[in-house]
Amino acid sequence: MISVITGDIIQSKKLVAEEWLTKLKHELNEIGSQPASWEIYRGDSFQVEIADPGQALKTAVKIKAAIKSIRKGDVRMSIGIGEKTHSATRITESNGSAFVYSGEAFEKLAKAKQNLAFASPFETFNRDMNLMLRLALVSMDAWTVNSAEMVHLALGHPEKSQAQLGDMLGIRQNAISNRLKRANFDEILDLLNWYKNRVEGLK
């Protein structure tokens, strides 16, 4: 199994393109190379392949945090897991059930007025995962710029303590703790671990 994330930048015309493009490309470059692993197309849409589906939700949350760290920035994404039956030189020309699930879930997002969804061959998992995502989005969609920056930094440096994260930003440890608490970071981590464990059980 692999995972595919399909997404687009919400109301990208109201944002400075260079700002969100820089942040998005930075995230995607950490995953793989363009265009085999990821592509940005139609101006503000993107698709990325995650070889380990257990890391797909963390990747999506980290992308969301990066874009939400821009004032009025946000991103809409769907996560699909399944097979890859055709590998092309460009990810947008590759195929398989992971791509189909991701694409179908993405098409439903705008109508559902939801910014993150999940699809796979496993109906019970889909139901549970999408319920949890809807609950998590109550917090994630409301992240401030500071909260999003803090979540992005913490996810990018899981080995660092709050004091070390504070040193990176030049702020006190208690300020780090307060920002993470306001972002519901502990609950987000619980969700990421739950998702990873469930995916591992599917293999």
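The following paragraphs examine the structure supplied in this document. Keep in mind that this is a model prediction, so the values were computed, not measured. (Residues numbered from 1 in each chain as written. Predicted model: local features only at pLDDT ≥ 70, side-chain atom pairs only at ≥ 80, totals over all residues. Heavy atoms only, no water.)

## Things to note about the overall build of the protein
And step 1. Looking only at helices and strands, the protein has eight helices and five strands in total.
And step 2. The N-to-C order of helical and strand elements in the protein reads β-α-β-β-α-β-α-β-α-α-α-α-α.
And step 3. Compactness check: the protein gives a C-alpha radius of gyration of 16 Å against a globular reference of 17 Å for 203 residues, within 12% of the reference.
And step 4. Taken over 203 residues, the protein has a buried fraction of 47%.
And step 5. Look at the contacts in the protein between residues 6 or more apart in sequence, and 68% of them connect residues 24 or more apart.
And step 6. When the accessible surface of the protein is summed, it comes to about 10400 Å², and 48% of that surface belongs to carbon and sulfur atoms. (Helix = DSSP H or I, 4+ residues; strand = E, 2+ residues; numbered from the N terminus. Rg over C-alpha atoms; globule rule 2.2 N^0.38 Å. Buried < 20%, exposed > 50% of the residue type's maximum accessible area, 1.4 Å probe, protein only. Contact = heavy atoms within 4.5 Å. Areas by Shrake-Rupley, 256 points an atom, 1.4 Å probe, with all protein chains shown as cover.)

## Details of the packing of aromatic side chains
And step 1. Evaluation of the coordinates by the stated rule reveals four aromatic pairs.
And step 2. Members of the aromatic cluster, each reached through a chain of ring pairs, are Phe118, Phe125, Trp194 and Tyr195. (Phe/Tyr/Trp six-rings, centres within 6.5 Å; stacked < 30°, edge-to-face > 60°.)

## Concerning the pairing of strand E2 (residues 38-41)
For a regular strand, the rule is simple: side chains alternate between the two faces of the sheet.
And step 1. Relative to strand E3 (residues 45-50), E2 is paired through four bridges, and the arrangement is antiparallel. Looking across to E3, one finds that tyrosine 41 is bridged to serine 45.
And step 2. The turn linking E2 back onto E3 is made up of three residues, and arginine 42 within it adopts a positive phi angle of 50°. (Pairing = 2+ DSSP bridges.)

## Some details on helix H5 (residues 145-156)
And step 1. With twelve residues, H5 extends 16 Å from end C-alpha to end C-alpha; this agrees with the ideal 16 Å at 1.5 Å per step.
And step 2. Of all the positions in H5, only Ser147, Ala148, Met150, Val151, Leu153, Ala154 and Leu155 are classed as buried. (Expected span 1.5 Å × (residues − 1).)

## Remarks on the pattern of salt bridges
And step 1. A complete count under the given rule lists ten salt bridges for this structure.
And step 2. Across the salt bridge formed by arginine 76 and aspartate 8, the nearest N and O atoms sit 3.2 Å from each other. Separated by 68 residues along the polypeptide, arginine 76 in strand E4 (residues 75-82) and aspartate 8 in strand E1 (residues 2-9) bring together distant segments of the chain.
And step 3. On the accessibility criterion, aspartate 8 (12% relative accessible area) is buried.
And step 4. Its salt-bridge partner being aspartate 74, residue lysine 64 comes within 2.8 Å of it at the nearest N-O pair. With lysine 64 in helix H2 (residues 56-68) and aspartate 74 in the loop between H2 and E4, the pair connects residues that are ten residues apart, well separated along the chain. Each member of the pair lysine 64 and aspartate 74 is classed as buried.
And step 5. Through salt bridges with shared partners, a single network forms among Lys64, Lys68, Asp74 and Asp141. (Salt bridge = Lys/Arg side-chain N within 4 Å of Asp/Glu carboxyl O.)

## Description of the layout of surface pockets
And step 1. Its volume calculated, the largest pocket comes out at about 270 Å³.
And step 2. Only helix H3 (97-112), strand E5 (116-119) and helix H4 (123-140) provide two or more residues apiece to the lining of the largest pocket.
And step 3. With six residues, H3 is the single largest residue contributor to the lining of the largest pocket.
And step 4. Along the lines of polarity and charge, the residues of the lining of the largest pocket split into seven nonpolar, three polar and four charged.
And step 5. Roughly 220 Å³ of internal volume is contained in the second largest pocket.
And step 6. What lines the second largest pocket is a set of 16 residues, among which Lys58, Leu155, Pro158, Leu189 and Leu192 lie closest to the centre.
And step 7. Listing elements by their share of the lining of the second largest pocket, those giving two or more residues are H2, H5 and helix H8 (185-202).
And step 8. Here the lining of the second largest pocket gets six residues from one element, more than from any other, and that element is H8.
And step 9. Residues that form the lining of the second largest pocket fall into these classes: nine nonpolar, four polar and three charged. (1 Å grid on protein atoms, 1.4 Å probe; cavity = no way out; pocket = protein on both sides within 12 Å on 5 of 7 lines; lining within 4 Å. Points joined across faces, edges and corners; volume = space filled by probe spheres on them. Nonpolar A, V, L, I, M, F, W, Y, C, P; charged D, E, K, R; others polar.)

## Considering the pairing of E3
And step 1. E3 sits mainly inside the fold: six of its six residues count as buried.
And step 2. With burial as the criterion, each face of E3 is covered, one bearing Ser45, Gln47 and Glu49 and the other bearing Phe46, Val48 and Ile50.
And step 3. As judged from the six bridges shared by E1 and E3, these two strands associate in the antiparallel manner. Bridge pairing links threonine 6 to glutamine 47 in E3.

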